[in-house]
Amino acid sequence: MAELRVASAPLLEAKGLVRNFGGLAAVRDVSLSLRPGTLHAVIGPNGAGKSTLVNLLSGHLVPTSGKILFEGRDVAGEPPWRMTQLGIGRSFQRTNLLTSLTVLENVRLAAQAVSAVSGLRMLRPASREKQLIVAAFEALERVGLAGAAHRQSGLLSHGEQRQLEIAMTLATRPRVLLLDEPLAGMGPEESERFTHLLKDLAHEHAVLLIEHDMDFVFAVADWMTVMVDGTVLAEGHPADVRANPEVQRAYLGGHA
Ligand SMILES: Nc1ncnc2c1ncn2[C@@H]1O[C@H](COP(=O)(O)OP(=O)(O)O)[C@@H](O)[C@H]1O
Ligand SMILES: [Mg+2]
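Cut-off values and rules
- Residues numbered from 1 in each chain as written.
- Chains lettered and ligands numbered in written order.
- Predicted model: local features only at pLDDT ≥ 70, side-chain atom pairs only at ≥ 80, totals over all residues.
- Pairing = 2+ DSSP bridges.
- Helix = DSSP H or I, 4+ residues; strand = E, 2+ residues; numbered from the N terminus.
- Buried ≥ 20, exposed ≤ 12 C-beta atoms within 10 Å, placed from the backbone.
- Axes fitted to C-alpha atoms, helices over the stretch in contact; angles between N-to-C directions.
- Contact = placed C-beta atoms within 7 Å.

J.: What exactly am I supposed to notice about the sheet that holds strand 4 (residues 65-70) here?
T.: The strands making up a sheet associate through backbone hydrogen bonding, with each pair oriented either parallel or antiparallel. On the basis of which strands lie adjacent, the open sheet formed by 4 strands has the order 2-1-4-5 and antiparallel pairing. Because the sheet does not close on itself, it has two edges, and the strands there are strand 2 (24-34) and strand 5 (73-74). Sheet topology note: the strand 1 (residues 12-21)/strand 2 ladder contains 7 bridges and is antiparallel. Bridge assignment links Arg19 to a residue of strand 2, and that residue is Val27.

J.: Looking at this model, I keep getting lost on the pairing of strand 9 (residues 223-228). Mind explaining?
T.: A regular strand places its side chains so that they alternate between the two faces of the sheet. The buried count for strand 9 comes to 5 of 6 residues, which makes it a mostly enclosed element. Pairing of strand 3 (residues 39-43) with strand 9 involves 4 bridges; the strand directions are parallel. Looking at strand 9, one finds that Ala41 is bridged to Met224. Bridge analysis of strand 9 against strand 10 (residues 231-236) gives 5 bridges, and the strand direction is antiparallel. Across the sheet, Met224 pairs through a bridge with Gly236, a residue of strand 10.

J.: What is the right way to read the sheet that holds strand 6 (residues 88-91) from this model?
T.: Taken in spatial order, the 6 strands line up as 6-7-8-3-9-10 in an open sheet, and their pairing is mixed. Whereas interior strands pair on both sides, the edge strands pair on one side only; in this sheet they are strand 6 and strand 10. The sheet shows a mean angle of 15 degrees between the axes of neighbouring strands, taken without regard to direction. Contacts between helix 2 (residues 50-57) and the sheet are confined to strand 3, strand 6, strand 7 (176-180), strand 8 (206-210) and strand 9, with strand 7 contributing the most and set at about 150 degrees to the helix.

Structure follows, in structure tokens:
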């Protein structure tokens, strides 16, 4: 099963991706392949270029050079809304919700963002609204927040807000999920629940996970890319990455 998954065609690929900020090369010649059914973790110290990579893949930044292939088609430089339509969903390192709205309203808005191009636009407004609510509830159930649908988003715990963000991403019906440090600020209990959710999601989507908690990453990842200074230092199965002397020297320290 694992071999089959790894052998499947990539959904999203970066090829020789470069992004400069003035004189700084934040991402330098990064290539990676994200395959369906895979939880692919990207690790690396602060400033390694992980968030920049996610921003390039989600269309929030335009690459200086290099290719981004979605199902083999070059989509580099497409705007975020287009990437969302294609099926590339993302969550942000910093929270992105409208705290004065209810949980349901936030997810419904996210669902609406893709409805303009889906079959929904053919429906009468009332039916369309119903479909949006259905999609929103489905996403909330998926992350275990359906019971909190009518609560004000700003009053949720930090962990619940992160779950809500995942629901908002799921409401856009993505095929690829780009998650930038989704565990940031979660307590141990919340993280554990989140771990189960992530593993479930990885079976149906291709998940690219940025995370700095090493124990967590090694426990959940099917595949790993290690970034240092904007480049890929190593890539492979977690066990091989952990054993890689260069990775240990550059990054893991006493952790391996
Ligand atoms: N919008 C920006 N403008 C200028 N420099 C940036 C910008 N975004 C990131 N950088 C720089 O690019 C490098 C990589 O940052 P980032 O991708 O956020 O790393 P990571 O997510 O791995 O911590 C850092 O040196 C950071 O200061
Ligand atoms: Mg970051």
